[in-house]
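Architecture at a glance
Next come the chains, spelled out residue by residue.
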Amino acid sequence: MDKAKVYKNFINGEWVDSVSGHTYENRNPADDRELIGLFQKSNAKDVDSAISAAESAYKKWRLVPAPKRGELMFKVAQRLMERKEEISRDMTREMGKVIKETRGDTQEAIDMGFYMAGEGRRLFGDTTPSELRNKFQMSIRQPMGVCAMITPWNFPIAIPSWKIFPALICGNTVVIKPATYTPLSVVHFMEVFEECGIPAGVVNMVTGTGGGVGEPLMHDKRVKLVSFTGSTEIGSRISSACAPDFKHCMLEMGGKNGQLVMDDADLDLAIEGALWGAFGTTGQRCTATSRIIAHKDIVKKFTERFVERAKKLKVGNGLDESIDVGPAVSESQMNTVLEYMEIGKKEGAKLLCGGGRVTGGDHNYGWFTQPTLFGDVTEKMRIFQEEIFGSVTSITTCDSLEDGISKLNNVIYGLSSSIYTRDVNKAFVAMRDVYTGIFYVNAPTIGAEISLPFGGTKSTGNGHREAGKQALDVFSEWKAVYIDFSGALQKAQMD
Ligand code: UN1
């Protein structure tokens, strides 16, 4: 029998059990025999306590000078650095991606902490001359109150950090619901906040399901903003839940990212990029390269060499440093991916490598899928159009740059894209004409850094961006301030 550690909710600075009295199991996707821990299966009452705590903490936190809030963020980032290895190992255990990548995930949270710590001394607004005499005007940012966050399992600490740090630096307080599959990473994040002396109630975490925790969170009138990363289907539900109260909502959803490979590309580089973009994180990134659009003159060479390399990728437990590709996060995620492999076969795409589950030995205890490539993929196929979120990618041929760009754009999503070419003119045309939120030249579709805005067009999002200074626009509201020191009534647009 497993001796399971029980992890609690973090509400008002205390570690507490859910009032439901229930917990749920979190198991290692690379080895289902390993129980990571038991986590609180929380309900609406727990959410209510967390929101109350955040609401009352907001009264003081919003008045803490932003540079002081920044100092605390700096301490948190430093502490995350000290605990990086331990946090990353636990992340691989609960989520599956390989240890090098979970170190990157933790690093992304550290980067965001330092970045937002610096923002504590900026949070710039504008001053601009008035039309009138003896009148001063400026814009300042004001915090909003309690911000709710619903975060995904694929970046278990990086994405929570994209939301928590900017929210806090702007003076808001937070209630976070971590993904059901990856609560431990956010537990560690909360521990770090606690170790660094965050005042009680400023950050709160409630674990559990979407129905039990997410629903009450998104419907509560005391919550001023919901920031969500996850599926388009849930994003749409959140958007509707927020609409009646005009609650702000920031949605970061699906992707169907494409890499364009032109006939003049450095093929080795393009193959290296495509392999990493498609199979890094087992393809479980919103930014994953799930389409390769290759020029007809190089498609054969590209495909042969890609397949040769893909077959050599080692799939297994991500704690083993020699492994390239970890498991799917769960059995159901694995089944979705396997289903798409079948869909691809049925709709007439050519299976070039992979195409099924990895089994045998210890693999039988985990949710492993083969790195898979389909060729002869056309724009109408579901594997061209739909987000898969797994170790499957596809190749489609294009005749020209224009044809390639049109194919890249021909999906409902608009998160990331890339072009491999040695021709600067082609790179600039693609930069202008590909309609995505992120665009790379001679680099894969994954690998965004925290100092630029992250997000997408079309069904990927609702117009907001995370990270960069743009994140501040999500977590604060502008106030235009006019100060008339003329001593007389001056009438704008009339005097
Ligand atoms: C995601 O795919 O959900 O740009 C986030 C990247 C990472 C973040 C990905 N820095 O690939």
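Below, the structure is looked at part by part. (Residues numbered from 1 in each chain as written. Predicted model: local features only at pLDDT ≥ 70, side-chain atom pairs only at ≥ 80, totals over all residues. Heavy atoms only, no water.)

Quick notes on the nonpolar core
- Membership of the largest hydrophobic core comes to 62 residues, with the highest contact counts inside it found for L80, I164, L168 and F193.
- Ranked by the residues each element gives to this core, the list is headed by helix α5 (residues 158–169), at 8 residues.
- Residue-level mapping places this core at the junction of two domains, with at least three residues from each of domain 1 (6–253 + 461–479) and domain 2 (257–441).
- Counting residues in each nonpolar core, the second largest holds 27 residues, with M262, L338, I383 and I405 among its members. (Core = buried A, V, L, I, M, F, W, Y, C linked by side-chain atoms within 4.5 Å. Buried < 20%, exposed > 50% of the residue type's maximum accessible area, 1.4 Å probe, protein only. Helix = DSSP H or I, 4+ residues; strand = E, 2+ residues; numbered from the N terminus. Domains from an automatic or database assignment.)

Some details on the pairing of strand β12 (residues 257–261)
- Burial of β12 is extensive: 5 of the 5 residues sit out of reach of the surface.
- Side chains N257, Q259 and V261 of β12 all project onto a buried face; the interleaved residues G258 and L260 project onto the opposite face, where all are buried too.
- Across 5 bridges, the pairing between β12 and strand β13 (residues 289–295) is parallel. Within β13, the residue paired with L260 across the bridge is I293.
- For the crossover that starts at β12, traverses helix α9 (residues 267–279) and ends in the parallel β13, the hand is right-handed.
- Pairing analysis gives 4 bridges linking β12 to strand β18 (residues 416–420), with the strands arranged parallel. When the sheet's bridge partners are listed, L260 is paired in β18 with I419. (Pairing = 2+ DSSP bridges. Right-handed = clockwise from strand over helix to strand, strands pointing away.)

Some details on the packing of aromatic side chains
- Across all of its chains, the model carries 11 aromatic pairs by this definition.
- Each ring, one from Y24 and one from F39, has its centre 6.2 Å from the other, and the planes form 40 degrees; the classification is tilted. Here the residue Y24 occupies a position in strand β4 (residues 23–28), and F39 occupies one in strand β5 (residues 31–40), the gap between them amounting to 15 residues.
- A connected cluster of aromatic rings, assembled from ring pairs, spans Y7, Y24 and F39.
- Cation over ring: R33 sits above Y365, and NZ or CZ is 3.5 Å from the ring centre.
- When the ring centre of F155 is taken as origin, the NZ or CZ atom of K97, which lies over that ring, is 3.6 Å away. (Phe/Tyr/Trp six-rings, centres within 6.5 Å; stacked < 30°, edge-to-face > 60°. Lys NZ or Arg CZ within 6 Å of the ring centre and 35° of its normal.)

Some details on the sheet that holds β4
- The sheet built from 3 strands is open, its strands ordered β1-β5-β4 with mixed pairing. For this open sheet the edge positions go to β1 (6–7) and β4, each flanked by a neighbour on one side alone.
- Examined bridge by bridge, β1 and β5 share 2 bridges and lie parallel to one another. Each bridged residue has a counterpart across the sheet, and for V6 the counterpart in β5 is L38.
- Contacts between helix α3 (residues 84–95) and the sheet are confined to β4 and β5, with β4 contributing the most and set at about 100 degrees to the helix. (Contact = heavy atoms within 4.5 Å. Axes fitted to C-alpha atoms, helices over the stretch in contact; angles between N-to-C directions.)

Overview of the packing of α3 against helix α4 (residues 99–119)
- It is the contact of α3 with α4, at a shortest axis distance of 8 Å, that shows an interaxial angle of 125 degrees. Between α3 and α4, the interaxial angle falls into the category oblique. The chirality of how α3 crosses α4 is right-handed. The residues of α4 that touch α3, namely those facing K84, E85, I87, S88, R89, M91 and T92, are I99, T102, R103, D105, T106, Q107 and I110.
- Of the residues assigned to the contact of α3 with α4, the class counts are 4 nonpolar, 5 polar and 5 charged. (Parallel < 35°, antiparallel > 145°, perpendicular 65-115°, else oblique. Left-handed = near helix turned anticlockwise from the far one by under 90°. Nonpolar A, V, L, I, M, F, W, Y, C, P; charged D, E, K, R; others polar.)

Overview of the sheet that holds strand β15 (residues 372–375)
- An order of β14-β15-β16-β13-β12-β18-β19 is seen for the 7 strands of this open sheet, with the pairing classed as mixed. The two strands at the open ends of the sheet, each matched to only one other strand, are β14 (350–353) and β19 (438–441). Between one strand and the next, the sheet's axes are offset by a mean angle of 20 degrees, whatever the strand orientation.
- On top of the sheet, α9 reaches β12, β13, β15, β16 (392–398) and β18; it is set at about 170 degrees to β12, its chief contact.
- The sheet contacts of helix α14 (residues 424–433) involve β18 and β19, and relative to β19 the element is tilted by about 175 degrees.

Section: helix α8 (residues 232–242)
- Regarding α8, the residues found buried are G235, I238, A241 and C242. Down the axis, α8 shows its buried residues gathered within 120 degrees of arc, on one side only.
- Those residues of α8 that are buried lie in contact with β7 (146–150), α7 (210–219), β10 (223–229) and β11 (248–252). (Arc of directions from axis to C-beta.)

Overview of the site of the ligand
- Taken together, E108, N154, F155, I159, W162, R285, C286, T287, I446, G447, A448 and F454 make up the full set of residues near the ligand.
- A distance of 2.9 Å is found between an oxygen atom of the ligand and a backbone nitrogen or oxygen belonging to G447.
- Both of domain 1 (6–253 + 461–479) and domain 2 (257–441) provide at least three residues apiece to the shell around the ligand. (Near = heavy atom within 4 Å. Polar contact = N/O pair within 3.5 Å; in protein donor to acceptor, adjacent residues only side chain to side chain.)

Considering the side chain of T207
- Within the secondary structure, T207 sits in the loop between β9 (203–205) and α7.
- Within the structure, T207 has its side chain in polar contact with the backbone oxygen of Q40 (distance 2.7 Å).
- When residues no more than four places from it in sequence are discounted, the contact partners of T207 are N9, F39, Q40, K41, S42, P178, P183 and V213.

Thoughts on unusual backbone geometry
- Positive phi outside glycine occurs at N134, with the angle close to 50 degrees.
- If you trace the backbone, N134 turns up in the loop between α4 and β6 (135–142).
- Although it is not a glycine, T282 sits at a positive phi angle of roughly 55 degrees.
- Counting through the fold element by element, T282 comes out in the loop between α9 and β13.
- Among the residues examined, T282 registers a relative accessible area of 2% and is labelled buried.

Description of the environment of T106
- Checked against the element boundaries, T106 lands in helix α4.
- Given a relative accessible area of 0%, T106 falls into the buried group.
- For the pair T106 and R83, spaced 23 residues apart in the sequence, the C-alpha separation amounts to 9.3 Å.
- Among residues more than four places away in sequence, those in contact with T106 are L80, K84, I87, S88, M91 and I157.

Considering helix α11 (residues 331–346)
- For α11, with 16 residues, the first-to-last C-alpha span of 22 Å sits near the 22 Å given by 1.5 Å per residue.
- Among the residues of α11, Q333, M334, V337, L338, Y340, M341, I343 and G344 are the ones counted as buried.
- Residues of α11 that are buried make contact with β15, α12 (382–385) and β16. (Expected span 1.5 Å × (residues − 1).)

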